[in-house]
Amino acid sequence: MKRLTARHRHAGFTLVEVLVALGIVAISLTAGLMATGAITRHAQRQSDMLLAQLCAENALTQIRLARQLPGVGDTSSVCEQAGRSLTVMLSVRQTPNPNFSRADAQVLDGEVPIWRVSTVVGRY
């Protein structure tokens, strides 16, 4: 009969080694999950900003296409983009030059502002 050497008696992993390996895997998976969540939130934010930009630019383009100086004041409208309803707040203010007005378009998702853009509109 052969005698078992010290090397043969301990062939395998100890419970501590297995737990350390599982801990390392758990930390790696958690970090990957957090990174994936951040990328998903960023992609959603980019999509929101693109839709808001389209709404704001459409509102300002309507003013330009009217071919007349817009009335001073605030208006609100709903903009449908990609199945979402966004609110466009349009604010027209006078400038020191009576031939121009300043138009600000702010897009909101509920109460949360997403995008704001301004332009100067002239008399045609």
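Because the structure is predicted, anything quoted here is derived from the model rather than measured. (Residues numbered from 1 in each chain as written. Predicted model: local features only at pLDDT ≥ 70, side-chain atom pairs only at ≥ 80, totals over all residues. Heavy atoms only, no water.)

Peer 1: So, the pattern of salt bridges: which residues are in play, and what are the values?
Peer 2: Opposite charge on two side chains allows them to pair when their charged atoms are near. By the definition in use, this model includes four salt bridges. Residue R84 pairs with D109 through a salt bridge whose shortest N-O separation is 2.8 Å. Of this pair, R84 sits in strand β2 (residues 84-94) while D109 is found in strand β3 (residues 100-109), placing the two residues 25 residues apart along the sequence. On the basis of relative accessible area, D109 is assigned to the partly exposed category, the value being 32%. (Salt bridge = Lys/Arg side-chain N within 4 Å of Asp/Glu carboxyl O. Helix = DSSP H or I, 4+ residues; strand = E, 2+ residues; numbered from the N terminus. Buried < 20%, exposed > 50% of the residue type's maximum accessible area, 1.4 Å probe, protein only.)

Peer 1: I'd love a proper account of the side chain of D48, names of residues and values included.
Peer 2: If you trace the backbone, D48 turns up in helix α2 (residues 15-65). On the basis of relative accessibility, which here comes to 13%, the residue D48 falls in the buried class. Residues within four places of D48 in sequence aside, it is in contact with R84 and I114. (Contact = heavy atoms within 4.5 Å.)

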